[in-house]
Amino acid sequence: MNHDIYISLGSNLGNRKAYLQQAIEGIAMRVGTIVDIAPIYETPSWGFAGEAFLNTCLLCKSFLSPEEVLSQLLQIEHELGRERVPNQKGYQSRTIDLDILFYDDEVINSELLTIPHPLLHRRKFVLRPLAALDEQKVHPILQKTIGELLRTTDDPSPVQRLSDQLTFPAQKSPFLNYKYIAIEGNIGSGKTTLATKIAEDFNAKLILEQFSDNPFLPKFYENPKQYGFTLEMSFLTERYQQMREQLAQMDLFKEFVVSDYDIFKSLIFSKVTLSEDEFVLYRKLFYLLYNQIIKPDLYVFLYQNTDRLIENIKKRGRAYEQNISPDYLKKIHYGYLDFIQKNTAINSLIIDVTDLDFVKHYNHYELIIEKIRECN
């Protein structure tokens, strides 16, 4: 069930508006969809002597339980510098303060939670922004509307509405249900360009393969037999290290992770470049590492025919790639298809981009995004 959750936000340390905005981004990513955000109000500190607060409220929809919502809010507070000290007496200044005001119309009294918030009817800095969201919202215990509670509260504190506004995070993203997406394809298929564009447009953490610094790559294209095993082992260890580090460091303020490769490409390419004996040894080493890596929630394969790949490779002008043969590209292509066909547990999407130019033509880019949305 999708629940209506009202959350109050406050800050009186540092860049107060920035902390409110960052908290909103975190709530959108970890709790649910932001439906509405109240204006910002400035109020004196309540219950202690401190700097003035900026306060607001928001309404979000979420499938999380009240306890799960609380856990996520505490994590957001922690990552924004708020330290809650157990059994601490009295109030103090804080970078961010997040409280659940209402969870649908439920009444909850547990060791962890009291909902509705027990003091909301006595706090004008909560009632004013809450009334801006829904003045007719009824308190399930007091059986009075927020508007009535605001008019009858005994809190004399001045509350000043500011002209500054908080912004909505991007909503209804086609990547809403994905934490990690891999964009894959043959050499010259455009996977790096697409992954980069998606990261920029949809607020994703971007992981790009660091191949340009590999000293064995030019040598391999000159002498594949001599440098094949060395190159593939070098790529495997670099990809493994990068994925382990990057996927373990999730960014609170990014919606998801998108990469321009999946580590399984190591096995696909090595099967083409290595001798049979080398590949048997390599495969054993590969699976020891592969089993430790997080797998993508969506595996997007960009298909382009061989002629178009050759054309793209020539356009980007990397000297060591200019002698890549069509036969080599075809073998890599069949390796990808074999991987997709055999690994049915992986959520895969093949997109034919042979006749698309998603850099020059935005409607081509929209077509790709729509195909990804349809898989969601």
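Residues numbered from 1 in each chain as written. Predicted model: local features only at pLDDT ≥ 70, side-chain atom pairs only at ≥ 80, totals over all residues. Heavy atoms only, no water.

Which entries qualify depends on this criterion: UniProt positions are given in the numbering used here, feature names are shortened, and annotations may be inferred rather than shown by experiment.
By the naming in an unreviewed UniProt entry, the protein chain is 2-amino-4-hydroxy-6-hydroxymethyldihydropteridine pyrophosphokinase, taken from Capnocytophaga leadbetteri. Checking UniProt for the protein chain, the heading Pathway (unreviewed entry) contains the comment "Cofactor biosynthesis; tetrahydrofolate biosynthesis; 2-amino-4-hydroxy-6-hydroxymethyl-7,8-dihydropteridine diphosphate from 7,8-dihydroneopterin triphosphate: step 4/4."

**Overview of the overall build of the protein chain**
Formally: Strands here mean DSSP runs of E at least two residues long; helices mean DSSP runs of H or I at least four residues long; both are numbered from the N terminus. With a 1.4 Å probe rolled over the protein chains alone, any residue whose accessible area is under 20% of its type maximum counts as buried; one over 50% counts as exposed, and the rest are partly exposed. Throughout, a residue-residue contact means that at least one pair of heavy atoms, one from each residue, lies within 4.5 Å. Calculation of accessible area relied on Shrake-Rupley with a 1.4 Å probe; when residues are assessed, cover is drawn exclusively from the protein chains displayed.
Counting secondary structure elements, the protein chain contains twelve helices and 13 strands. Within the protein chain, the fraction of its 376 residues that count as buried is 48%. Summarising the internal contacts of the protein chain: among those between residues at least 6 apart in sequence, 74% fall at separations of at least 24. Surface exposure of the protein chain reaches about 19000 Å², of which carbon and sulfur atoms provide 49%.

**A few points about unusual backbone geometry**
In this model, isoleucine 115 is joined to proline 116 through a cis peptide bond whose omega is 0 degrees. Although it is not a glycine, glutamine 143 sits at a positive phi angle of roughly 55 degrees. Located in the positive-phi region is asparagine 203, a residue other than glycine, with phi close to 55 degrees. Along the chain, asparagine 203 turns up in the loop between α5 (191-201) and β10 (205-207).

**A few points about the packing of aromatic side chains**
The criterion, for reference: What counts as a ring pair is set by centres within 6.5 Å for rings of Phe, Tyr and Trp (its six-membered ring), and what kind of pair is set by the plane angle: stacked under 30 degrees, edge-to-face over 60, tilted for all other angles. Put simply, a charge is over a ring when the Lys NZ or the Arg CZ is close to the ring centre, within 6 Å, and near the line of the ring normal, within 35 degrees.
According to the stated counting rule, one finds 14 aromatic pairs in the structure shown. With a centroid separation of 4.7 Å and 25 degrees between ring planes, the pair formed by phenylalanine 175 and phenylalanine 256 is classed as stacked. Of this pair, phenylalanine 175 sits in the loop between β8 (160-161) and β9 (180-185) while phenylalanine 256 is found in the loop between α7 (224-248) and β11 (257-259), placing the two residues 81 residues apart along the sequence. Their ring planes at 20 degrees and their centres at 5.1 Å tell us that phenylalanine 286 and tyrosine 290 sit as a pair that is stacked. Placement of both phenylalanine 286 and tyrosine 290 in helix α9 (residues 276-290) is noted, with a separation of four residues, approximately one turn of the helix. Classification of phenylalanine 286 as buried rests on a relative accessible area of 0%. Residue classification places tyrosine 290 among the buried residues on the basis of a relative accessible area of 8%. Following the ring pairs from residue to residue traces out a cluster consisting of Phe264, Phe286, Tyr287, Tyr290, Tyr299 and Phe339. Here lysine 137 stacks its cationic end above the ring of phenylalanine 102, 5.1 Å away from the centre of that ring. Geometry around tyrosine 365 places lysine 197 over its ring, the cationic atom sitting 4.6 Å from the centre.

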